[in-house]
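# Summary of the model geometry
Residues per chain, in single letters:
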Amino acid sequence: MELLKVYLSPINEADFKVSVNGSRVGQAEINSTLPFWQERINWLITVIKSLEAIRFRSEDFQRSGEQDWMVQAGLLAQDQKTFHPHFLTNIGKALYQSLFPPGSKVAKVLQNAINLAQNNGIQLHIQLEIAADIIGSTRLPDYPWELMHDDRGFLTQQQVTFSRYITYDAAPPKLPSMERVNVLLISSAASDPENGLEKLPTQEQQAVRRGLGIAEKEGHIRLVELKPPTFKALRDYLTEHRDETAPHIIHFDGHGLFGKRCNNILDNGQLCRTIHKGVKINNCQRCHASLPEPQGYLVFEDETGKPNYVSAREIGTLLQQNSFTDDSKELRGVTLVVLSACQSGLALTGTSVFNGVAQSLIAHRTPAIVAMQYSVSVAGATAFSEQFYRSLGQKNPLAMAVSQSREAMGVEGNQWYRPVLYLRWQDNEGGQLFAAPPPVIPTRIKLKPSVFVPSASLVITALVFGVRMLGILQSSELNMFDQMMRLRPDEGIDPRILVVTIDDEDLKYQDDQGMKRRGSLSDTALAQLLEKLKPHLPSVIGLDIIRDFPVSGDQPEVAEKLKNTDNFIAICIGNDPTTGDKGIEPPPEVPVARLGFADVHVDNDDILRRHLWRATFNSNTACQTEDSLSLKLALYYLAKEGIKPETTRSGDLLLGKTRLQRLQTMAGGYQNLHNDGYQILLNYRSRDIAQQVPLRDMLEDRFDPSWVKDRIVIIGVTAKSVKDDFSTPYSINKQSDKMRGVFVQAQMVSQIISAALDGRPLLRVLPWWGDVFYIWLWSLAGGAFVAVVSQKFAGHDRKIIFVLTTIGVIFVISYGICLFLLIHGYWLPFLPSIIASLAMSVITFSYIYQLPYKRQ
């Protein structure tokens, strides 16, 4: 809890001095004008009457100009029939702007304190140190400072708690905190209809018991109810209970009243003791004697059950007298008085600010008082009491308990602002009743962390790797792989590749030109395209379009072109032994040496992550080539660059210094991979892989010849009416964000030639033992870092925050390393390693702190 002390002292009737001081936010002071002053008239009593009222009654506000001022100040609606709907907010803003003027240094200190509390996730406790001095009619403690509103809301409904500290010439009491607290409940059923005090129900007593239920069971709070609820019974109880049964908290549930009582001696020798509600009456209505200054009263029962008005002075004196003792080891007095009674925190007029019940108790050295500044409803008092004791039972400070109880009264009603907390307790600004628990000293651990962490990390690594081998993590690892692939920098198009696309407009273009189509590309269009490309000397041409039919008999020249164009590669589809499908035939005019298969392997989630570059199909297949279209195109291109392929004994392909190495059954995140043929991971270069030109532009010479010269030209379909698309790691939405097959082929070609010519890395994985080692390293790191942090902050209240921060840092570092290495060609086991690290972190923390312990 962050503490901000705000000291208020009067200068004259209308002005006062504000000083603020926070240990971590600095200090400032300013002279300011009190709110609710207008033309030398103090309207504070009008404000208090408004806060006291449940609803507006015109007869209660008959002071000259009073209602006009209320309209002007935003307390009364324009029709002067009801309170303004935002009158509480308007009062709160006036209080705030008076105490913390906008732009002032004190306002900046307050805001710094609020920001500091919010950043640390704690409450800001404002201790209002109010001078007891009275100048004229100015009484600073009478102002409802807890209602302050800073335009964003009431401070008490944000992250701020309040307590009042009335300063006067006496040292504040210093009482010890306790491990068990005794609560004395006084429930007075006394009523006095003549003064508007109706009989109270018993529901608040039940609320107190409900609130204390858990704390009573745990043994750190003991509840006793005073029977009978008389002032004499209270005196007797305090006198007779001076040991461990002495009450630390007195809770009074009954009526309260602020007014005047006649103490005149009648002719029969008895005191008059007639009570008069309010402050206006000056003479007793019974004996006509002059009345003393007003003060607060609590309504106890007398021996017959009738009301007994006990003054603030009488109650304060009783509690102070019973706090004296000759035994320094004995508990000294009541620590907290909770006054769930109307107007028990109200103090008005008179020559002393201590004429309210709560204020009088403070003057008589009771350290803490919770009281109601104004009248409170039964429902409001009940909600407050239950939540207050529920919070107190959790050993929360009084300031926090009062704050939580205000919320329980309903933040949108007119009850929540009525409770007020007075604290005048040396070295205990927040009002902590309970003693702090003794420090917890972990028992000696037989196995030192330096031995436990490496040992446990081996077990965790084995478990995680075992789970991984079962394939449980495969889907998540592949998704993480896709995420990292999307985060890599875009490498742009490959300038060595040109893609000739056939879209829906190209299909229409062929039809409009009278070209007879069988499929997406007519014989005529294909022949014209080859004719357009030939003079510009492309390195190699690949047709990524199925043509399982011969050229039309009336166009023998087209068949001749396909047969004799040495740098033209066509495709076929291999057989599928699982279905008995023979595959799809190639164009019969193209020899086998210039064929490449277009088969691909997609994963179970329909995402294409692997590049099938060589395969041996069955003898009855319709596709008699062993090389993929992408490999064929790449080899043609590389041959012109002076790079010839070499095959190793293991079947890997060497292209200069680049090795196309076959994926194994266990490869990276793949477990039990279906690895028919020769596959590598597909290292996508960019979402847009190559220069694109529509077919119609090529046929009508609308292209730059430099796009063709020495390029790999791939012809493929992009028409939406033809289904040839794949989900890739770039596909956030698998239904719509797909890549056309011709561009996939371009990605594969680019991968091979870029690796051979530019040294661009192929994607590789660690051997299985390398994965095990990497996972173990991060498991060990997680345990080691948490062990160091846990031991370093062993006595810190927020050690769990430091541990969680350490785990977060480990996650970020691990992710960054894996992303960096993926960019440079290595797919590391990020997910298994971070699971192992997290598991090891939790186990290490639990091992150090959650073992059986002993207290010292």
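Here's what I pulled together on the structure shown here.

Cut-off values and rules
The numbers attached to residues start from 1 for each chain and follow its sequence in the written order. The predicted nature of this model means local features are confined to residues of pLDDT at least 70 and side-chain atom pairs, given and counted, to a pLDDT of 80 or more, with totals for whole chains, interfaces and linings taken over all residues. Hydrogens and water molecules were not included; the side-chain quantities draw on all heavy atoms of the structure. A pair of sulfur atoms, both from cysteines and within 2.5 Å, is called a disulfide here. Here a strand is any run of E in DSSP of at least two residues, a helix any run of H or I of at least four, and the numbering for each starts at the N terminus. With a 1.4 Å probe rolled over the protein chains alone, any residue whose accessible area is under 20% of its type maximum counts as buried; one over 50% counts as exposed, and the rest are partly exposed. When checking whether two residues touch, look at their non-hydrogen atoms; a contact exists if any pair is within 4.5 Å. Salt bridges are identified by distance alone: a Lys or Arg side-chain nitrogen within 4 Å of an Asp or Glu carboxyl oxygen.

Before going further, it helps to spend a moment on the state of the cysteines. Counted according to the given criterion, the structure contains one disulfide. There is a disulfide in this structure between C572 and C623, and the S-S distance comes to 1.9 Å. Residues C572 and C623 are joined by a disulfide whose S-S torsion is about 45°; by sign, that bridge is right-handed. With C572 in strand β21 (residues 568-572) and C623 in the loop between β23 (610-614) and α16 (629-640), this residue pair connects regions lying 51 residues apart in the sequence. Judged by its relative accessible area of 0%, C572 falls in the buried class. The class for C623 is buried, based on a relative accessible area of 1%.

Another aspect to go through is the environment of I546. Note that I546 resides in the loop between β20 (540-544) and α15 (556-564). Assessed through its relative accessible area of 32%, I546 is described here as partly exposed. Sequence separation of I546 and C572 is 26 residues, and the distance between their C-alpha atoms is 6.8 Å. Not counting residues within four places of it along the chain, the set of residues in contact with I546 comprises I571, I573 and I584.

Residue P228 is bonded to the preceding K227 through a cis peptide linkage, with omega at -10°. As for its position among the elements, P228 is in the loop between β9 (221-225) and α6 (231-240). In this structure, K395 takes a positive phi of about 65° despite not being glycine. Turning to its location among the elements, K395 is positioned in the loop between α9 (378-393) and α10 (398-408).

Opposite charge on two side chains permits pairing when their charged atoms draw close. Evaluated as defined, the whole model comprises 40 salt bridges. Of the charged contacts, one joins D482 and R609 as a salt bridge, the two residues approaching to 2.6 Å between their closest N and O atoms. Taken together, the positions of D482 in helix α12 (residues 474-487) and R609 in the loop between β22 (595-597) and β23 put the pair 127 residues apart, joining distant regions of the chain. Each of the two residues, D482 as well as R609, counts as buried. The salt bridge partner of R496 is D494, with a shortest N-O separation of 3.0 Å. For the pair formed by R496 and D494, the shared burial category is buried. Counted as one network, the salt bridges with shared partners bring together D482, D603, D605, R609 and R610.

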